[in-house]
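# Survey of secondary and tertiary structure
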Amino acid sequence: MSTATPLSDGSDVELEISGMTCASCANRIERKLNKLDGVSATVNYATEKARVFAPAGYDPAALVAEVEKAGYSATLPAPEQPAGTADDEHVETAADRELQSLRQRLIGTTLLTVPVIAMAMVPAWQFTYWQWASLALAAPVVVWGAWPFHKASWANLKHGTATMDTLISMGTLAAFAWSLYALFWGTAGTPGLKHPFEFTVSPSDGASHIYLEAAAGVTMFILAGRYFEKKSKRQAGAALRALLEMGAKEVAVLRDGTEVKVPIDQLAVGDEFVVRPGEKIATDGVVTAGSSAVDTSMLTGESVPVEVVEGDEVTGATVNAGGRLVVRATRVGSDTQLAQMAKLVEDAQTGKADVQRLADRISGIFVPIVIAIAAITLGAWLGGGFPTVAAFTAAVAVLVIACPCALGLATPTALLVGTGRGAQMGVLIKGPEVLESTRKVDTIVLDKTGTVTTGKMTLVDVVVEPGVSREELLRLAGALENASEHPIAQAIAKGATEQVGDLPEPEDFANVEGKGVQGMVDGHAVVVGRELLLADWSQYLSEEVAAAKAEAEAEGKTVVAVGWDGQARGIVVVADTVKPTSAEAIAQLKKIGLSPVLLTGDNAAAARHIADEVGIDEVIAEVLPTEKVDVVVGMQAQGKIVAMVGDGVNDAPALATADLGLAMGTGTDVAIEAADLTLVRGDLRSAVDAIRLSRKTLGTIKSNLFWAFAYNVAAIPIAALGMLNPMLAGAAMAFSSVFVVGNSLRLRGFRSVARDAVQ
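In this text the structure is predicted, and so the values were computed from the model without any measurement. Residues take numbers from 1 onward in each chain, read along the sequence in its written order. This being a predicted model, a pLDDT of at least 70 is required before a residue's local features are given, and a value of 80 or more before pairs of side-chain atoms are given or counted; all residues contribute to the totals for chains, interfaces and linings. The basis for the side-chain values is all heavy atoms of the structure; hydrogens and waters are excluded.

### Some details on the overall build of the protein
Assigned secondary structure in the protein consists of 26 helices and 26 strands. Looking at the protein as a whole, 52% of its 759 residues qualify as buried. Strands are runs of DSSP state E lasting at least 2 residues, helices are runs of H or I lasting at least 4, and numbering of each runs from the N terminus. Remark: exposure states derive from per-residue accessible area (1.4 Å probe, protein chains only) relative to the maximum for the residue type, with buried under 20%, exposed over 50%, and partly exposed in between.

Structure representation (structure tokens):
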């Protein structure tokens, strides 16, 4: 644990919590911490973290001690270290080992349990000593497989509490203990014993029955639920790790005019460093020498590179796509824009979850009641003069029939089937905690670039001067641009190749900084670039072509002028085009009751043009990357339940802040990890499928939970009255699980709204 020092002023402390097995655990820790004077705490079960505000002078170690008093473990945050260090790798490896251990426990338990259940339920497979074989197989399951439940149950008992772990542990141990009694002291160990299905068995016959399949089966099913839950929660910190890993690891710092490679954490404010073409810019700074095009798509999601010259600001983690730059660092470490975005994502992810599983909410009442009913049943039968065997049989029947197998399966099975079907249609659901939001969402905010549009520059138009051949202009301009590495140039070259075929090789190619390119193509002196470049050669566009240029630029498109042999010959227009399926997707979103909003950093005219093309009424334009969270929060303040769809790193905080975050799978890993739902195919229609499927999955989970609880409410009194022995109770419990699984499997028939989607 990190060394604790008293807080110099009131501030937030983040604790890593371990040992929680359900949402009621998080509530218990939260109540404990909030009882401390001046302390305000929020515990997030999904991220296994507690955010605590403590007053000045408060010893953080006292917070850890309070968590430990509640029966859980807590650690203070470790000192800040650069991403990718050994400690980061150690933490990640430890978490992977924990998940791997649970997986191995599940596999081992399953292999041992399946034969036990098969022998108990199929009399034809009950050979002479089958019951002793069942004991040999079930014993390691109950002891080793169910050890996490026994351990948690004992810890809860020491602190005077009970959770689902308590009921699981008591039910499995009671069934196992009774089986041992029946085998060694009863008549269940008799060679050749058969266990036929009996609907009415006298309670006094309990010593002839074993319930090993109930003990082992409950353990296997609950372990399966815990494994898939843990696997989902394991992704909670992935967005932060991905953000931090985006930054450069080394930087070439200028020391007395010489480049010296140093680790990024040794870079200080005021240092000048060199960024070559293709390299990441190490930190936020100002260009002091050179000019280039900087690819900001990793950070902003915008496809068009930004031209920078001396005096312009640049952002860390963006990529130098052109010439050599010398940059003076202005912000380093936690002050950079990248670090601030990471902080925004962290703040959004560690906030209090709006939804907790119904089973976990009720478990605090349900578990003690079941235990009390079992105890009352035992006492009542003994007090009524019935034999001890009969009384214990009825009490065990109560515990076994109430054992929460169906409760444990209700969420994971529906989630597994729902997510499996979703994956076929290009939808990934991160976890069950996001499903409730899909039912309530009424507004969906769509990032423009890469979401509604393709996010790639494409040649969309060519306007030529009178007497000029369109094909000739494309051939000459495409040939010259093909020699440039600039993304806009490559878009023009690609479009020209597709329309006119192979392009000739240019001669005397030259790049004119900030203006364009020039060279010789097939004996023609060609210039391609800004209108200023043509003006330098006394080449001017006609009024008609200039008007077409102005109109295209008003729509947010990029226009490149072309001239050769002393005359302006026309323009080529490139733009980020709308995806073919976006308009259909918007119509479907409206159909399921959502109001679409287009959010972009583009100018209002360009944004309005795109919105009109796809059928969106509300547009919020000219929004800076860091302001997207403010837009989402503002809508939430108006009472709207907001879904956000995006694909860039700058979308990640907004995706995490929104009530429901949907990331395009064609976008950055950071956006995907910060979102609740991922649309793998990059088709906006998948957003409709995602919301519909999530709502359907949520409905299935709720019906599963209703059945699980209703089954217990009906079955427990029957067992307590002696109308069921534990064997029949175990069969009823197994049927409840089959019902839950069967109900979940209906999700496989879910159909996509897209006609061409995978069915």
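### A short note on the packing of aromatic side chains
Paired rings are identified among Phe, Tyr and Trp, the last through its six-membered ring, by centres lying within 6.5 Å, and are further divided according to the angle between planes into stacked (under 30 degrees), edge-to-face (over 60) and tilted (the rest). Across all of its chains, the model carries 5 aromatic pairs by this definition. Where Trp132 meets Phe184, the ring centres are 5.3 Å apart and the plane angle is 75°; that geometry is what we call edge-to-face. With a gap of 52 residues between them, Trp132 in helix H4 (residues 130-145) and Phe184 in helix H6 (residues 164-184) connect regions that are remote in the sequence. The class for Trp132 is partly exposed, based on a relative accessible area of 29%.

### Side note on the confidence of the model for the protein
A residue's pLDDT is the confidence the predictor assigns to it, expressed on a 0 to 100 scale. Across the protein, the average pLDDT comes to 79, with 79% of residues at or above 70. In the model of the protein, helix H8 (residues 238-246) stands out as the element of lowest mean pLDDT, 56, in contrast to H4, which has the highest, 94. Note on definitions: a residue-residue contact is assigned when non-hydrogen atoms from the two residues lie within 4.5 Å. When the criterion is pLDDT under 50, residues 80-92 qualifies, and its contacts beyond four places in sequence or with other chains add up to 12 contacts. With pLDDT under 50 throughout, residues 351-357 is counted as low confidence; its partners more than four residues away or in other chains account for 17 contacts.

### Section: the pattern of salt bridges
Salt bridge criterion: a side-chain nitrogen from Lys or Arg within 4 Å of a carboxyl oxygen from Asp or Glu. The full count for this structure, using the stated rule, is 15 salt bridges. A salt bridge links Asp522 to Arg475; the nearest nitrogen and oxygen atoms lie 2.5 Å apart. Remark: Arg475 occurs in helix H16 (residues 470-481) and Asp522 occurs in the loop between strand S18 (516-521) and strand S19 (524-529); sequence separation between them is 47 residues. Classification of Arg475 as partly exposed rests on a relative accessible area of 24%. Across the pair Glu584 and Arg685 runs a salt bridge, and its minimum N-O distance is 3.3 Å. Here Glu584, found in helix H20 (residues 582-591), pairs with Arg685, found in helix H25 (residues 685-720); they are 101 residues apart in sequence, far enough to count as distant. With relative accessibility at 5%, the residue Arg685 sits in the buried group. Salt bridges here are not isolated pairs; linked through shared partners, they connect Glu259, Arg276 and Arg324.

### With respect to the UniProt feature "transmembrane region" (unreviewed entry) in the protein
UniProt positions are given in the numbering used here, feature names are shortened, and annotations may be inferred rather than shown by experiment. Here, UniProt's "transmembrane region" (unreviewed entry) annotation points to residues 106-123, 129-147, 167-188, 208-228, 362-383, 389-417, 704-721 and 727-745. Counting secondary structure, residues 704-721 comes out at 94% helix and 0% strand; the distance between its end C-alpha atoms is 26 Å.

### So, the pairing of strand S21 (residues 567-578)
Across a regular strand the side chains alternate sides, sitting on one face of the sheet and then on the other. Of all 12 residues making up S21, 10 are buried, and the element is well covered by its neighbours. In this description, strands pair whenever DSSP reports at least two bridges between them. Of the strand pairs in this sheet, strand S16 (residues 453-464) and S21 are connected by 8 bridges, and their pairing is antiparallel. Residue pairing across strands places Thr453 opposite Val578, the latter belonging to S21. Of the pairings in the sheet, the one linking strand S20 (residues 558-564) to S21 comprises 7 bridges and is antiparallel in character. The residue of S21 that forms the bridge with Trp564 is Gln567. Between S20 and the antiparallel strand that follows it, S21, lie 2 residues; Asp565 among them carries a positive phi value of about 50°.

### Examining the pairing of strand S5 (residues 250-255)
Where S5 meets strand S6 (residues 258-263), 6 bridges bridge the pair, whose relative direction is antiparallel. Opposite Arg255, over in S6, you have Thr258 as the bridge partner. Hairpin connection from S5 to S6: 2 residues lie between these consecutive antiparallel strands, with Asp256 at a positive phi of about 55°.

### Quick look at the nonpolar core
Counting residues in each nonpolar core, the largest one holds 42 residues, and the members touching the most others are Ile429, Ile444, Leu446, Val645, Leu662, Leu679 and Leu684. Take this core: its biggest share by element is 8 residues, from H25. Contacts of Leu684, omitting those with residues within four sequence positions, involve Leu446, Thr451, Val452, Thr581, Ser582, Ala585, Ile586, Val645 and Met664. Core analysis: the next-biggest nonpolar cluster, separate from the first, contains 24 residues, Leu473, Ala496, Leu503 and Val562 among them. Note on terminology: a nonpolar core comprises buried Ala, Val, Leu, Ile, Met, Phe, Trp, Tyr and Cys residues joined through side-chain atoms within 4.5 Å.

### A closer look at the sheet that holds strand S12 (residues 319-320)
Across a sheet, paired strands are connected by hydrogen bonds in the backbone, their directions being either parallel or antiparallel. As summarised here, the arrangement of the 3 strands in space is S10-S9-S12, forming an open sheet in which the pairing is antiparallel. At either end of the open sheet lies a strand with only one pairing partner, and these are strand S10 (306-308) and S12. Bridging between strand S9 (residues 292-295) and S12 involves 2 bridges; their strand directions are antiparallel. Bridged to Val294 within S12 is Asn320.

### With respect to H25
Counted at 1.5 Å a residue, the expected span for H25 with its 36 residues is 52 Å, and the 53 Å between its end C-alpha atoms agrees. Two residues or fewer after H25 comes Gly722, characterised by a positive phi angle close to 85°. To estimate how far a helix should extend, the number of its residues minus one is multiplied by 1.5 Å.

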